[in-house]
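Remarks on the overall topology
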Amino acid sequence: MIKILEISQLISSKLDLLKNSVIEDYRIIVRLNLELDILIITSEKKVIEQLKSDFSKYKVTFKQILKEDFEEHMYLKNTFQSNETVNLGLKYRFNSLLSKSPNSLFKVQKKHSTPILTFYSYKGGMGRTTTLTSYALDLAINHNKKVCIIDCDFEAPGYLNFFNLGNNEILKSGTKNGIVEYLTDYNFQKDIDINDYIITLTESHEKRLKNLFIIPAGNLSETSIGNDNQNYTTHRDHYLEGLSRIDLANEANIINGFESLFEKINSTIKPDIILIDSRTGFNDIFGVTALILSDLIVGFFGSSEQTKPGLRFILDRFYDLKIKFERKTELILVNSILPDNEKMSNDFHSSFINEVGKYVEFIQEKKLNKAITEQAQLPAFYKLTRNNILEKIGIKEDESYEQDYIDHIKIIRDKSFVDYNVIFNAISESDSVNKIFEKIIVSNHVKTIELKNTILRRLKQLLRNDDGKPKLFAEDAEVKPETFFYREQMNELFQREKFIIQGFKGTGKTYLYKALVNPKLDEVKKELLRRSEINTNSDYRFIDIISLKGKGEPKSFDFKRIKTSEIKEKRYYFTNFWLVYTWNSILLDAKTKLNYNLDSELQSYVQAINPDTDTKRRFEELINSEDKIIIIEKELKLLDEFLVNNKINLVVLYDQLDNLIEPNEWGDSVSPLIDYWWDNLNRFKNISPKIFIRTDLYRRLKGTNTSRLESNKIKIEWSREEVYSFFFKLIFSNTDSYNALFEIMQRSNRYDEVFISNTKKYLSKNQNQLNLYRNEIEPFMTIFFGKEVRSNTGSLGNTFDWFYFNLTNADQKSISLRPFINLVDGSIDKSLQDPEKHITQIIDQKYFATRENRDNAVKQHFDDLVREDFNKDLQIIFNFLKEKGNAYKQIFLYKTELYELLEKIFAENEKLLDSKSVEELKEILVSNGIIHENVKPDENIFYFAQLYKYWLGLQSRKYEFKQVLRKSSYRK
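Here, residues in each chain are numbered from 1, in the same order as that chain's written sequence. In keeping with the predicted nature of the model, local features appear solely for residues at pLDDT of at least 70, side-chain atom pairs appear and are counted solely at 80 or more, and the whole-chain, interface and lining totals rest on all residues. Side-chain descriptors were evaluated using all non-hydrogen atoms of the structure, hydrogens and water having been removed beforehand.

A look at the overall build of the protein
To qualify as a helix, a DSSP run of H or I must reach at least 4 residues; to qualify as a strand, a run of E must reach at least 2; elements of each kind are numbered from the N terminus. Each helix and strand counted, the protein has 38 helices and 22 strands in total. A separation of at least 24 residues holds for 74% of the contacts in the protein among residues at least 6 apart in sequence. For the area figures, the Shrake-Rupley method with a 1.4 Å probe applies, and any residue is considered shielded solely by the protein chains shown. Counting only carbon and sulfur atoms, one obtains 47% of the accessible surface of the protein, whose full area is about 44,000 Å². Throughout, a residue-residue contact means that at least one pair of heavy atoms, one from each residue, lies within 4.5 Å.

The following block contains the structure:
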């Protein structure tokens, strides 16, 4: 903290306490020479003397002003005219960045219609300049647009790397200047020839590159100026002299200089668009070009801690100006440079979206006084992964080397870099830029309405049960080959060592289990084999060890009958228990599913597994007899030999564990099952397990080194791309709705025939599943839900990101499928009744994004959770939070705050709760994805899922490393 600012705030706090008692008013002025002037209207001289004594070691001047003097002197009245008691005074730099009350300069009206885009990054190496030049090439080559590039990265000009300018004779000769020379010349001479500052690519073999016009940062030529050999001066020396003389703190002068430049550019070149490459870090040029003059800011930020100061700064300033001045400037954030591994880059990008989204909510609620229930305006989010070709630009073997330039042109012409396709489309479709393209005329016809209704009626049929209520996707939905969604993680399903299927509730574990165990779904199993690169004629058979609860099948043990506390050798007991359970379940199905007709030596024990005392007694007779356990082990081995001889692969399935066994019993009862298969996986050649485990309960395993199991897990969590692709597969699964959707896309005139044709080909080869890339999915999201979600105050984000941000789980990575389906389902009926004939999307945001529909979707999801086993306490927790927990309605709680809340709930409702401790209450919230623990250096915090923010009315807040500010009686 800057000491003079700290002291000014401290004095201000003291004077506020004295106001209206011993003083009437005051003003604090921070002088440019780093001294403080304190003007106090008071008749009490003792107050002044005491303040002088208190702050004697600082350069502070306290001035007493009598009431009568104040009334007589106009300059004093002018000083007190502002409502701000602390005046930070003049600055050498950063006026445009630091002004708390932006002046009239921020209301500057552009004198021309040419879109101006500023590309900014807080740190170097973020891909900013490469993306700018690539977008310029895309506009010039693929769209025949005139593009003017201005390099404002004064301290580190970098355009010699691009467009093969390293060998440009005009640049080497020093006959062309740049923006630095222009701004200095503008202040010195009356008339300027703009052509002296522009570089063109007239010598390029690529015809359309003649559409590019580059204004470099300045003349960096090593060529000497004049013939004075005694005083060797180069153009670079002049550049630095000019740069040193530009008064960057004089906003008005800088703005006038740029406006003059834009005027000359427009009258001479007449470009379609102007692209500005801004300096990195905190700088005045960014404050002027981006915050004041630009129509669109494209910001590049990595996922590291180093970029966060710059990221939060741009968000603070952008929304401050946008909301206070109702500016139409747009913001696109590019999360860069991410690993080229798809999963890793998606994980980083998901965290980036959530962190930025939550911070934007915070600044709009706390700083701009938005209501908690009002959705925040969000920027558009995109990701940029590493690309080997782009990283080699500028790396030359010798001066004649041009391959980097040739490769750069090729990657743009061929549109072979997916991330660029997505980012460029987003920029070109923005409100600021889309006007330079030919306006799309959407054909409206009664036929379009019929097509829309065909799709909606199909969805209504798929998403609802016979009683009209929404299905619980994916657990409750009937598994059908045409709608089964093949996920990338399933490609490892038939690897023997991958015997644990892990995921949170609602991620589709039971949906997969039902597909595997159902003998009628042979088509699904064959496709899973193909994706796993296993011969589809291989004979794989599946036996469920535990039947689905409530289905009346004879394999459901009542675990409540086991009194764990009374068992001395728990690990021994449960190891044998699972051995018996597995053996019994397999032999119940062995004849019908395996054609295995050998009777057991213990045949009298092979009976239905029912939730009754008789089954428990029969199990315990086997568990407690070593002789019988030996027989069971021998018979499983004999079965394995039979399977090997008949080339049958048996997969035994363990699902429903979380519905049958209480969470607090998992450590003792389930850990031995995992250990058994870990130890015996290779003992059997043709018998292998798949154990379906909830993520939060997996952490409760004990006596097991869970880190050793990392290579044995398949993690199933929904990514946003999977959720969207699954949704569209529901539409594509029906011929009528499939045809209707593609016909609507063609009628929209937004998508060329090549895209539609290629998509259809891909769907035909991939079971009607869209490729999990944003540029493949977003067109369908746009045609279905519209390009963006808007409120009366502005954009709430594009639909692709809006759904994801508002439906994320507490881990801030995965997304919940059920609420998404609920949102769609809740808007179908009104969409079918919509009289609107001018259709721009299938479901309008006035239906899916309303507060009522969002609340209903979350409530349905929550009610589904409460109905599940061991979840009754959720209702009690939420009722308390809604009715009595206002102090805890925050988007995250510090650990002490969370335990305070849960202690109060436990104390008030102990007799009603199933949970036996505060810790168990916490685990219920964690297991259902409602809260997630984030590790922090001073005290961990628990984030609520964004899903519940508006339904519960949770306030935004910012994590701060100041433990002393949080007082709590409870310590965990």
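Describing the sheet that holds strand β20 (residues 892-894)
Hydrogen bonds along the backbone pair up the strands of a sheet, which may run parallel or antiparallel. The pairing criterion for strands is at least two bridges between them, as found by DSSP. Taken in spatial order, the three strands line up as β20-β22-β21 in an open sheet, and their pairing is antiparallel. Here the strands that pair on one side only, and so sit at the sheet edges, are β20 and β21 (931-934). The mean angle between the axes of side-by-side strands here comes to 25 degrees, regardless of whether they run parallel or antiparallel. In this structure, β21 lies alongside strand β22 (residues 941-944), joined through four bridges in antiparallel fashion. The partner of His-932 across the bridge, within β22, is Tyr-943. Here, axes are lines fitted to C-alpha atoms. For helices the fit covers the stretch in contact, and angles between N-to-C directions go from 0 to 180 degrees.

A closer look at the sheet that holds strand β17 (residues 713-715)
Pairing is parallel in the open sheet, where five strands are placed in the order β14-β15-β16-β13-β17. Both outer strands of the open sheet, β14 (539-544) and β17, are each paired with one neighbouring strand and no more. Each neighbouring strand pair of the sheet contributes to a mean axis angle of 25 degrees, computed without reference to strand direction. Here four bridges tie strand β13 (residues 500-503) to strand β16 (residues 687-694), and the two strands are oriented parallel to one another. In the strand pairing of β16, Gly-503 is matched with Arg-694. Running at roughly 125 degrees to β14, helix α20 (residues 570-594) makes contact with β14 and β15 (648-654) of the sheet.

Concerning the nonpolar core
In summary, soluble globular proteins display a tendency toward joint burial of nonpolar side chains. By size, the foremost hydrophobic cluster in this structure holds 118 residues, and its most contacted members are Leu-315, Leu-459, Phe-728, Phe-784, Phe-803, Phe-820 and Tyr-948. For Leu-459, the contacting residues outside a window of four places in its chain are Phe-727, Leu-730, Ile-731, Phe-784, Val-824 and Ile-828. One finds Phe-499, Tyr-605, Ile-609 and Ile-623 within the second-largest nonpolar core, a separate group that totals 58 residues. Nonpolar cores were defined as sets of buried Ala, Val, Leu, Ile, Met, Phe, Trp, Tyr and Cys residues, with membership established by side-chain atoms within 4.5 Å. Each residue gets one of three labels from its accessible area relative to the maximum for its type: buried under 20%, exposed over 50%, partly exposed in between, using a 1.4 Å probe on protein chains only.

Comments concerning the pattern of salt bridges
When a carboxyl oxygen of Asp or Glu is within 4 Å of a side-chain nitrogen of Lys or Arg, the pair counts as a salt bridge. What the rule picks out here adds up to 53 salt bridges. Between Arg-464 and Asp-829 there is a salt bridge, and its shortest N-O distance comes to 3.3 Å. Of this pair, Arg-464 sits in the loop between α17 (446-463) and β13 while Asp-829 sits in helix α32 (residues 817-833), and the two are 365 residues apart along the sequence. Between Asp-558 and Arg-561 there is a salt bridge, with the nearest N and O atoms lying 3.2 Å from each other. A relative accessible area of 22% means that Asp-558 is categorised as partly exposed. Several salt bridges converge on common partners, so that one network encompasses Arg-720, Glu-721, Arg-774, Glu-778 and Asp-801.

Brief notes about empty space enclosed by the protein
The rule is simple: put a 1 Å grid over the protein atoms alone, call a set of points where a 1.4 Å probe fits but cannot get out a cavity, call an open set with protein on both sides within 12 Å along at least five of seven lines a pocket, and count a residue as lining if it has an atom within 4 Å of a point. Grid points are joined across faces, edges and corners, and a volume is the space filled by probe spheres set on the points. By the definition in use, this model includes 10 cavities of 30 Å³ or more. Counted as a void, the largest cavity has a volume near 160 Å³. What lines the largest cavity is a set of 17 residues, among which Lys-505, Gly-506, Asn-809, Ser-816 and His-861 lie closest to the centre. Listing elements by their share of the lining of the largest cavity, those giving two or more residues are α32 and α34 (851-867). A per-class count over the lining of the largest cavity returns five nonpolar, eight polar and four charged. Put simply, the second largest cavity is a space of about 110 Å³. Each residue is assigned to one of three groups, with Ala, Val, Leu, Ile, Met, Phe, Trp, Tyr, Cys and Pro labelled nonpolar, Asp, Glu, Lys and Arg labelled charged, and all others, Gly among them, labelled polar.

A look at the confidence of the model for the protein
Predictor confidence is given residue by residue as pLDDT, running from a minimum of 0 to a maximum of 100. With 90% of its residues at a pLDDT of 70 or more, the protein has an overall mean of 87. The model gives residues 102-106 a pLDDT under 50, and that stretch makes 17 contacts with residues more than four places away or in other chains. Between residues 963-972, whose pLDDT stays under 50, and residues either more than four places distant or in other chains, the model counts 21 contacts.

Concerning the packing of helix α35 (residues 873-884) against helix α36 (residues 895-909)
Contact geometry for α35 and α36: axes closest at 10 Å, N-to-C directions at 110 degrees. As far as their axial angle goes, α36 and α35 are roughly perpendicular. Here Ile-876, Ile-877, Phe-880, Leu-881 and Lys-884 of α35 lie close against α36, whose contacting residues are Leu-901, Lys-904, Ile-905, Glu-908 and Asn-909. Its residues placed into classes, the contact of α35 with α36 shows six nonpolar, one polar and three charged. In these notes the angle categories are as follows: under 35 degrees is roughly parallel, over 145 is roughly antiparallel, 65 to 115 is roughly perpendicular, and the rest is oblique.

A word on the packing of helix α31 (residues 799-807) against α32
Here α31 crosses α32 at 125 degrees, and the two axes come no closer than 10 Å. Relative to α32, the element α31 lies oblique. The handedness of the crossing between α31 and α32 is right-handed. Touching Trp-802, Phe-803 and Leu-807 of α31 are Pro-819, Phe-820 and Leu-823, all from α32. Crossing handedness is defined as follows: a turn of the near helix away from the far one that is anticlockwise and smaller than a right angle gives a left-handed crossing, while the clockwise case is right-handed.

Focus: the environment of Glu-365
Among the structural elements, Glu-365 can be located in helix α13 (residues 342-367). In the structure, Glu-365 is positioned 11 residues away from Ala-376 in sequence and 8.2 Å away in space, judged by C-alpha atoms. Residues contacting Glu-365, with those up to four places away along its chain left out, are Lys-370, Ala-371, Ile-372, Lys-949, Leu-954, Gln-955 and Ser-956. Distance and chemistry together define a polar contact, namely a pair of N or O atoms within 3.5 Å, with one atom able to donate a hydrogen and the other to accept it when in protein, and with adjacent residues in sequence counting only for side-chain atoms on both sides. A polar contact of 3.0 Å, which involves the side chain of Glu-365, links it to the backbone nitrogen of Ser-956.

A few points about the pairing of β15
Among the seven residues in β15, six count as buried, and that is most of the element. Pairing of β14 with β15, which is carried by six bridges, proceeds in the parallel orientation. Looking at β15, one finds that Ile-543 is bridged to Val-652. Bridge count between β15 and β16: five bridges; the pairing is parallel. By the bridge assignment, Leu-653 is partnered in β16 with Lys-690.

Observations regarding the packing of aromatic side chains
Between two aromatic rings, the relevant description is the distance of the centres plus the angle of the planes. Side-chain rings of Phe, Tyr and Trp (the six-membered ring for Trp) are treated as a pair once their centres are within 6.5 Å; stacked means planes under 30 degrees apart, edge-to-face means over 60, and tilted covers the remaining angles. Throughout the structure, instances matching the rule amount to 70 aromatic pairs. Plain terms: the ring middles of Phe-119 and Phe-300 are 6.1 Å apart, the flat faces sit at 25 degrees to each other, and that makes the pair stacked. Of the two residues, Phe-119 sits in strand β5 (residues 116-121) while Phe-300 sits in strand β10 (residues 296-301), which places them 181 residues apart along the sequence. Using a relative accessible area of 1% as the deciding quantity, one classes Phe-300 as buried. Judged by centre distance (5.4 Å) and plane angle (65 degrees), the ring pair of Phe-559 and Phe-577 falls under edge-to-face. With Phe-559 in the loop between β14 and α20 and Phe-577 in helix α20, this pair connects stretches of sequence that are 18 residues apart. Assessed through its relative accessible area of 9%, Phe-559 is described here as buried.

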